[in-house]
Amino acid sequence: MKVLVTGAGGFLGVHVVERLLAHGYTDIRCFLRDSSKADRLLQLSASHQGAQLELAYGNLRSKSDCARALADVSLVFHLAAGLKGSAAELFADSVVASRNLLDALNARDDSFGQKARVVLVSSFGVYGVVPLGRGVQVDERTPLEDHPERRDIYSYSKLRQEQLFWDYQRKAGYELVVLRPGVIYGPGGGAFSNRVGLQIGPVFFHMGGNNLLPLAYVTNCAEAIVVAGIHPDSAGQVYNVHDDDLPTASRYLREYKRNVGRIRSFRMPYFAVRLLAWLLEAYHRHSLGQLPAIITRYKAAAAWGGNKFSNSKLHQLGWSQLVTTYDAMAANFQYLHKQQEKE
């Protein structure tokens with residue numbers, strides 16, 4: 001079986017390829033845009049005797065590149081997506097690129113569209129948690145966002161991407177498995193999620209308080225994607241992905257300071273965040289948009305509303321953490337400390 005992994009050279013993609021190899025999949029086409037991200041894939045190929053890692057370069061905005069990527073493939077792990085940039089760039093890399101890939105899938109003349117399995121990596125950002133109130137548990141039954149335009153552009157693009165995949169699945173009949181990770185972290189990733197707070201100038205504004213962080217260590221996340229992606233009973237299902245024993249935002253920040261380095265931080269309780277958001281919204285209207293409303297009450301409720309999280313459905317599928325939360329955080333902070341020493 002030939003497997004395609006889009007975004008294979010990215011932070012998560014390399015780990016997904018590694019876990020596929022660990023599960024016995026050796027015929028893998030790694031699709032990536034940037035040849036500079038191929039080094040770790042080449043190292044994986046060299047360390048797994050018998051592995052056939054094909055490095056395919058291209059851009060999913062190109063329909064011809066999508067058709068080339070899908071040639072002879074029967075299992076697709078779609079990780080490629082826009083992570084930052086303007087709204088146009090995010091939608092081009094997440095929604096337009098996905099449509100090109102799905103069109104190429106449906107255009108196959110060998111019944112590929114009816115027999116294929118597609119595994120989509122979506123995001124926690126698709127959930128509409130604001131109307132649910134504080135403290136509500138988020139699981140796979142949680143409603144999707146009704147007002148994505150009031151959220152960040154990344155969440156908006158991921159919601160539209162996922163809806164696109166379900167629309168095409170209903171028309172074409174291929175098997176679809178959707179994974180919705182929380183905050184993916186680990187060596188090579190960023191130091192802080194917005195769920196902990198925001199860096200504004202020299203000060204880190206700690207807004208997460210004692211809210212739980214839905215952390216997904218990159219190795220554990222990749223294992224979840226592969227386990228769900230290849231399981232015979234997962235077709236048509238959605239799985240939330242995060243680790244067990246989740247830390248609070250306060251604990252994460254405290255451990256960062258202890259293991260990585262001191263930073264200037266200012267803790268803002270939730271009522272203060274809401275007040276700040278109201279003032280920013282008011283001035284945004286008063287100034288006719290001259291000052292952007294970086295924080296709104298809706299965004300504040302989505303990011304710092306104090307939700308709980310469940311990964312029980314993923315556990316029922318047979319997934320378990322490869323790296324404990326304690327060891328994962330330690331490895332992450334050790335990496336960040338080394339990076340800080342280099343600066």
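Just so it is clear, the model here is predicted, and its values are computed rather than measured.

With that settled, consider the layout of surface pockets. In this approach the atoms are scanned with a rolling probe the size of a water molecule, which exposes any empty space left behind. Reported here for the second largest pocket is a volume of approximately 150 Å³. Arg 251, Glu 255, Arg 258, Asn 259, Tyr 326, Met 329, Ala 330 and Phe 333 are the residues that line the second largest pocket. The residue inventory of the lining of the second largest pocket, partitioned by class, reads four nonpolar, one polar and three charged.

Turning to helix 12 (residues 325-342), a few remarks are in order. For helix 12, with 18 residues, the first-to-last C-alpha span of 26 Å sits near the 26 Å given by 1.5 Å per residue. Within the span of helix 12, buried status applies to Thr 325, Ala 328, Met 329, Asn 332, Phe 333 and Leu 336. Along the axis of helix 12, the buried positions cluster into a sector of 125 degrees, meaning they face one direction only. Exposed residues lying more than 90 degrees from the buried face of helix 12 are Tyr 326, Glu 341 and Lys 342. On its buried face, helix 12 sits against strand 8 (183-185), strand 11 (215-217) and helix 8 (249-259).

Here the structure, examined in full by the defined rule, presents 10 aromatic pairs. Note on Phe 91 and Tyr 156: the rings are 5.4 Å apart at their centroids and 85 degrees apart in plane angle, and the pair reads as edge-to-face. A residue pair is termed long-range when its members are at least 10 positions apart, and Phe 91 in helix 4 (residues 87-107) and Tyr 156 in helix 6 (residues 153-172) qualify at 65 residues. For Phe 91, a relative accessible area of 23% gives the class partly exposed. On the accessibility criterion, Tyr 156 (21% relative accessible area) is partly exposed.

So, how was this worked out
- Residues numbered from 1 in each chain as written.
- Predicted model: local features only at pLDDT ≥ 70, side-chain atom pairs only at ≥ 80, totals over all residues.
- Heavy atoms only, no water.
- 1 Å grid on protein atoms, 1.4 Å probe; cavity = no way out; pocket = protein on both sides within 12 Å on 5 of 7 lines; lining within 4 Å.
- Points joined across faces, edges and corners; volume = space filled by probe spheres on them.
- Nonpolar A, V, L, I, M, F, W, Y, C, P; charged D, E, K, R; others polar.
- Helix = DSSP H or I, 4+ residues; strand = E, 2+ residues; numbered from the N terminus.
- Expected span 1.5 Å × (residues − 1).
- Buried < 20%, exposed > 50% of the residue type's maximum accessible area, 1.4 Å probe, protein only.
- Arc of directions from axis to C-beta.
- Contact = heavy atoms within 4.5 Å.
- Phe/Tyr/Trp six-rings, centres within 6.5 Å; stacked < 30°, edge-to-face > 60°.

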